[in-house]
Amino acid sequence: MKIDNNNHFIFSGHDTVELAKKFGTPLYVLSEDIIRKNAIKIIKAFEKENVDFQIIYAGKALLNIAMCYIIKDLNMGLDVVSGGELYTAKKASFPMEKIYFHGNNKSKEELNMAIDLGVGRIVVDSEYELELLNHLCIEKNKKASVLFRINPGIEAHTHKYIQTGQEDSKFGISIKQAKNFIEKARNMQGIIIKGLHCHIGSQILEEYPYKIAAKIMMDLIKELKIKYKLVIEELNLGGGFGIEYLKGDSCFSVEKIVNEILKTIQDQSLKYQVKIPKIIIEPGRYVVGNAGITLYEIGAIKSIPGIRKYVSVNGGMVDNPRTALYDAKYHAVIANKVNEKEKELVSISGKCCESGDMLIWDIPLPVCEPGDILAVLATGAYNYSMASNYNRIPKPPMILLKGSKAEIIVKGETYEDIIRNDKIPTWLLE
Ligand SMILES: Cc1ncc(COP(=O)(O)O)c(C=O)c1O
Ligand SMILES: N[C@@H](CCCC[NH3+])C(=O)O
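Think of each chain on its own: its residues are numbered from 1, step by step along the sequence as written. As they are written, the chains are lettered A onward and the ligands numbered 1 onward, keeping that order. Note on the predicted model: pLDDT of at least 70 is required for a residue's local features to be given, and 80 or more for side-chain atom pairs to be given and counted; whole-chain, interface and lining totals, by contrast, use all residues. With hydrogens and water set aside, each side-chain value is computed from the structure's full complement of heavy atoms.

Chemist: When you look at the UniProt feature "binding site: pyridoxal 5'-phosphate" (unreviewed entry) in the protein chain in this model, what are you seeing that I'm missing?
Modeler: UniProt positions are given in the numbering used here, feature names are shortened, and annotations may be inferred rather than shown by experiment. Look at the UniProt record and you will see "binding site: pyridoxal 5'-phosphate" (unreviewed entry) annotated at Gly-240, Glu-282, Pro-283, Gly-284, Arg-285 and Tyr-382. When its relative accessible area of 4% is taken as the criterion, Gly-284 is described as buried. With residues near it in sequence (within four places) discarded, Gly-284 still touches Tyr-57, Ala-58 and Ala-61. Each helix corresponds to a stretch of at least 4 residues labelled H or I by DSSP, and each strand to a stretch of at least 2 residues labelled E; elements are numbered beginning at the N terminus. Along the chain, the position of Tyr-382 falls in the loop between strand E19 (373–376) and strand E20 (398–402). Only heavy atoms enter the contact rule, under which two residues are in contact if any of them lie within 4.5 Å. With near-sequence residues (within four places) excluded, Tyr-382 lies in contact with Lys-60, Ala-61, Ser-202, Arg-285, Pro-321 and Arg-322. When a residue's accessible area, from a 1.4 Å probe over protein chains only, is under 20% of the maximum for its type it is buried; when over 50% it is exposed; and in between it is partly exposed.

Chemist: I tried to follow helix H9 (residues 254–272) on my own but got confused; where do I start?
Modeler: In an α-helix, one full turn covers 3.6 residues, which means residues spaced three or four apart are oriented alike. Taking 1.5 Å as the rise per residue, H9 with 19 residues should run 27 Å; its terminal C-alpha atoms sit 27 Å apart, in good agreement. Of the surrounding elements, those touching the buried residues of H9 are helix H2 (32–47), helix H8 (208–228), strand E12 (234–236), strand E13 (278–281) and helix H10 (285–288). Gln-273 sits one or two residues past H9 and shows a positive phi near 55°. Expected span, for any helix, means 1.5 Å times one less than how many residues it has.

Chemist: What should I look at first to understand the nonpolar core in this one?
Modeler: The tendency in soluble globular proteins is for nonpolar side chains to be buried side by side. Here, nonpolar core means buried Ala, Val, Leu, Ile, Met, Phe, Trp, Tyr and Cys residues that are tied together by side-chain atoms lying within 4.5 Å of each other. Of all hydrophobic cores here, the largest spans 132 residues; its most connected members are Tyr-57, Ile-122, Leu-133, Phe-148, Leu-196 and Ile-348. The dominant element in this core, judged by the number of residues it contributes, is H8, at 9 residues. Residue contacts for Phe-148: discarding those within four places in its chain leaves Val-124, Leu-130, Ile-173, Phe-181, Ile-182, Ala-185, Ile-193, Gly-195, Leu-196 and His-197. If you look at the next biggest cluster of nonpolar residues, it comprises 5 residues, including Ile-56, Tyr-100, Leu-147 and Ile-280.

Chemist: What should I look at first to understand the site of ligand 1 in this one?
Modeler: One heavy atom suffices: a residue is near a molecule or strand as soon as one of its heavy atoms comes within 4 Å of it. Ligand 1 sits among 17 residues. The nearest are His-199, Ser-202, Gly-240, Arg-285 and Tyr-382. Each polar contact in these results corresponds to two N or O atoms within 3.5 Å; when the atoms are within protein, one needs to be able to donate a hydrogen and the other to accept it, and residues that are neighboring in sequence are counted only if both atoms are side-chain atoms. At 2.9 Å, a backbone N or O of Gly-284 approaches an oxygen atom of ligand 1. The side chain of Tyr-382 places a nitrogen or oxygen atom 2.6 Å from an oxygen atom of ligand 1. Out of a free accessible area of 390 Å², ligand 1 has 93% covered by protein chains. Following the grouping adopted for this structure description, the nonpolar residues are Ala, Val, Leu, Ile, Met, Phe, Trp, Tyr, Cys and Pro, the charged ones are Asp, Glu, Lys and Arg, and the polar ones are all others, Gly among them. When grouped by side-chain class, the residues that make up the shell around ligand 1 number 4 nonpolar, 8 polar and 5 charged. Exposure was quantified through the Shrake-Rupley algorithm and a 1.4 Å probe, taking into account, for residues, occlusion by the shown protein chains and nothing else.

Next comes the structure, spelled out in structure tokens:
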């Protein structure tokens, strides 16, 4: 952790106390330099191996127009899961052929939008969607290039709510039904089968589940070749690479994981005599997670002797619902006292009318006082993208840092924004 002479916390070369003063709090702070470093780490890990590959950024982790520009500049693809994410990409002139459209219940309007815009791949999640997509394509006299999301039936060691590859899941086509499903799709006029997809979950810190998933998918690729002489050109193994939230969290080596996954695929391809498909992965959290922090101002402090000290900040579950939702753990520092000794164990609470509105339970910090700036670390992923207006609280602005530059990339909401779409029904005006 970097500290300047004023005892201030430095993030990506910037004094965070100065940032708070200049832009106000709460404030999402995002570092382009760190995003690029993370992305390049993954790209380099693949470049070292001799395979055809594509890295796709999972926009659900954090998407806005500036993010699309960075991802475009890095030559990565983009995974979108809704019309809103697709619209954002379009507005950022993101190359449509590099877009992968996911989702377990894409609407007719969203599929039409994807077909009309010419997105690169639609990742088909269900039989209902397959038929709908085929029908829409035939109507338009077009064809959609698709991957099938296969549920490999694997339980990854992560929070129950962010596991996605286990059999009992709303996502994907069960591995047991995959062959029949694909057989059906082969005969559809509007569908071009490009490949397979699976995603086993998020915040995964071990390579083992990826290796099993890769093996299961290669088995399926072999069976499809034998049974239908179908060649699978692309294998997308999803995202999920975990990051370090707390000091001492088990460390994740991208080089190691990429190497192990590819080794499994190479072994299977030799054994089964099938060509190695283009390998695609779609990390979100790994690209942006540690590239973001959130700055808050400390307000009310309540000490319950013998029980707990609550230190409230001017944000909370509205800008970061992960603690409330998944019991997520975060590290934080008092940005204006970063060199001071930890003196007390406190819990950081938000300002919503909700007991579960907590950001951190039990963290040792220097003495907290109203007006101090609290920096919560590693909030780049699934904070801004999952933020809400609960209690009609406006969403904070986001700034982007690059080198010594700092600019707003998402304006903070105002009270006017909060009421903008409200309407009074005619009968209440009579
Ligand atoms: C299909 C799919 N791809 C990619 C991701 C990105 O995951 P992560 O941010 O954990 O890398 C997710 C989220 O879990 C997902 O559902
Ligand atoms: N939103 C989750 C990750 C889920 C990713 C999408 N399948 C989180 O904050 O950890």
